[in-house]
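# An overview of the molecular structure
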Number of protein chains: 2
Amino acid sequence: MDWDDVRSFLAIARARSLSGAARELGVRQSTMSRRLEALELRAGARLLQRTPRGYELTPLGEAVLGNAERMEAEAIAVERLVQGRDVALSGVVCSATNWMRIARQSG
Amino acid sequence: MDWDDVRSFLAIARARSLSGAARELGVRQSTMSRRLEALELRAGARLLQRTPRGYELTPLGEAVLGNAERMEAEAIAVERLVQGRDVALSGVVCSATNWMRIARQSG
DNA sequence: AATTCTTACGACGGCCGTAAGGATG
DNA sequence: CATCCTTACGGCCGTCGTAAGAATT
């Protein structure tokens, strides 16, 4: 289960529909349908099911939900750590090629 | 930072070298080099640096390490939840197309 | 000199949007 | 019949391994 899987899984679980999840993540319905299919094939199990009221978590999906939410929380924490940092790297031991590459990017 | 990023980051941090990390993940050195470059460009910051003793974490990398390890732990927990489950889905409310698709996969 | 890292190149695979069709209520 | 979901198609972008060269010790 990669990180894109986790995002799709959470979006569908929250929106209760593929179309809603797709809207939320800025992709097409068809894309979300393929993502769910691929996700469940990779997992080898169903995590979400279509009901008269839209997509709902299976018992296994419920079990996975907590893990997925914690992964999301960690990912968000990393974003916070990383964003808005000084990338100047002054004084860092670093090969010349890396220096120039990163410098190019920073500029 | 997606899940593949996390795996590469952890592998490099643990092996202290790109070649060792590549060996561990079953890819080429060149692939690991590109992954680290892409990872740090996406992050907008350096997380690992080359030192006389090999690759070591920057202070920011140290800060991220804990998050990465927790993400890994959650991912492993999901694997455990998902593997070896019964995928028979008996009695599940499910569209006919989904039924047949999953049935095909299970068989 | 041996090991390690970088990068240009060509190829392959995966994922996407579009569009058309089927299911659902 | 309006909405939602599925899927074949064609194209594009990303990632890979190879291979050759530079850096480091």
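The structure displayed is predicted, hence computed values, not measured ones.

Definitions and cut-offs
- Residues numbered from 1 in each chain as written.
- Chains lettered and ligands numbered in written order.
- Predicted model: local features only at pLDDT ≥ 70, side-chain atom pairs only at ≥ 80, totals over all residues.
- Heavy atoms only, no water.
- Core = buried A, V, L, I, M, F, W, Y, C linked by side-chain atoms within 4.5 Å.
- Buried < 20%, exposed > 50% of the residue type's maximum accessible area, 1.4 Å probe, protein only.
- Contact = heavy atoms within 4.5 Å.
- Axes fitted to C-alpha atoms, helices over the stretch in contact; angles between N-to-C directions.
- Helix = DSSP H or I, 4+ residues; strand = E, 2+ residues; numbered from the N terminus.
- Parallel < 35°, antiparallel > 145°, perpendicular 65-115°, else oblique.
- Left-handed = near helix turned anticlockwise from the far one by under 90°.
- Nonpolar A, V, L, I, M, F, W, Y, C, P; charged D, E, K, R; others polar.
- Near = heavy atom within 4 Å.
- Polar contact = N/O pair within 3.5 Å; in protein donor to acceptor, adjacent residues only side chain to side chain.
- UniProt positions renumbered as here; feature names shortened; annotations may be inferred.
- Expected span 1.5 Å × (residues − 1).
- Salt bridge = Lys/Arg side-chain N within 4 Å of Asp/Glu carboxyl O.

## Points about the nonpolar core
Counting 53 residues, the largest nonpolar core has Phe9(A), Ile12(A), Leu48(A), Phe9(B), Ile12(B) and Leu48(B) as the members making the most contacts within it. Once residues lying within four places of it in the same chain are set aside, the contact partners of Ile12(A) are Ser17(A), Leu18(A), Ala21(A), Met32(A), Leu36(A), Leu48(A) and Tyr55(A).

## Section: the packing of helix H1 (residues 3-15) of chain B against helix H2 (residues 18-25) of chain B
Residues and elements named next belong to chain B. At a minimum axis separation of 8 Å, H1 and H2 run at an interaxial angle of 125 degrees. In terms of axis orientation, H1 runs oblique to H2. Like other packed secondary-structure pairs, H1 and H2 cross with a definite hand, here right-handed. Of H2, the residues touching H1 (which contributes Arg7, Ser8, Ala11, Ile12 and Ala15) are Leu18, Gly20, Ala21, Glu24 and Leu25. Its residues assigned to classes, the contact of H1 with H2 comprises six nonpolar, two polar and two charged.

## Side note on the protein's contact with DNA strand C
In the vicinity of DNA strand C there are 19 residues, among which Thr31(A), Arg34(A), Arg35(A), Gln29(B) and Ser30(B) approach most closely. Sugar plus phosphate, as a fraction of atoms of DNA strand C within 4 Å of the protein: 60%. Within the backbone of Ser19(B), one N or O atom sits 2.8 Å away from a phosphate oxygen of DNA strand C. Between a phosphate oxygen of DNA strand C and a side-chain N or O atom of Tyr55(B), the distance comes to 3.5 Å. Residue composition of the surface near DNA strand C, by class: four nonpolar, nine polar and six charged.

## Brief notes about the UniProt feature "domain: HTH lysR-type" (unreviewed entry) in chain A
In the numbering used here, UniProt assigns the "domain: HTH lysR-type" (unreviewed entry) feature to residues 1-58 of chain A. Between the end C-alpha atoms of residues 1-58 of chain A there is a gap of 17 Å, over a span that is 62% helix and 14% strand.

## Quick word on the packing of H2(B) against helix H3 (residues 29-43) of chain B
Residues and elements named next belong to chain B. Closest axis-to-axis distance for the H2/H3 pair is 8 Å, and the angle between their directions is 110 degrees. Between H2 and H3, the angle is such that the two are roughly perpendicular. Along its contact with H2, which presents Leu18, Ser19, Ala21, Ala22 and Leu25, the element H3 presents Gln29, Met32, Ser33, Arg35 and Leu36. Of the residues assigned to the contact of H2 with H3, the class counts are six nonpolar, three polar and one charged.

## Concerning H1(B)
If you check H1(B), its first and last C-alpha atoms are 18 Å apart, about what 13 residues at 1.5 Å a residue would give, namely 18 Å. Listed in full, the buried residues belonging to H1(B) are Trp3(B), Asp5(B), Val6(B), Ser8(B), Phe9(B), Leu10(B), Ala11(B), Ile12(B) and Ala13(B). Structurally, H1(B) contributes buried residues whose contacts are with helix H1 (3-15) of chain A together with H2, H3, strand E1 (48-51), strand E2 (54-57) and helix H4 (59-82) of chain B. The backbone nitrogen of Asp4(B) lies 2.9 Å from a side-chain oxygen of the residue at the head of H1(B), namely Asp2(B). Backbone geometry just downstream of H1(B) places Arg16(B) in the positive-phi region, at approximately 65 degrees.

## Section: the pattern of salt bridges
Side-chain pairing between opposite charges can occur once the charged atoms of the two side chains come close. Residues and elements named next belong to chain A. This structure, assessed with the given rule, holds eight salt bridges over all chains. In this structure, glutamate 40 and arginine 46 form a salt bridge, with 3.3 Å as the shortest nitrogen-oxygen distance. Accessibility expressed as a relative area gives 4% for glutamate 40, which makes it buried. On the basis of relative accessible area, arginine 46 is assigned to the buried category, the value being 3%.

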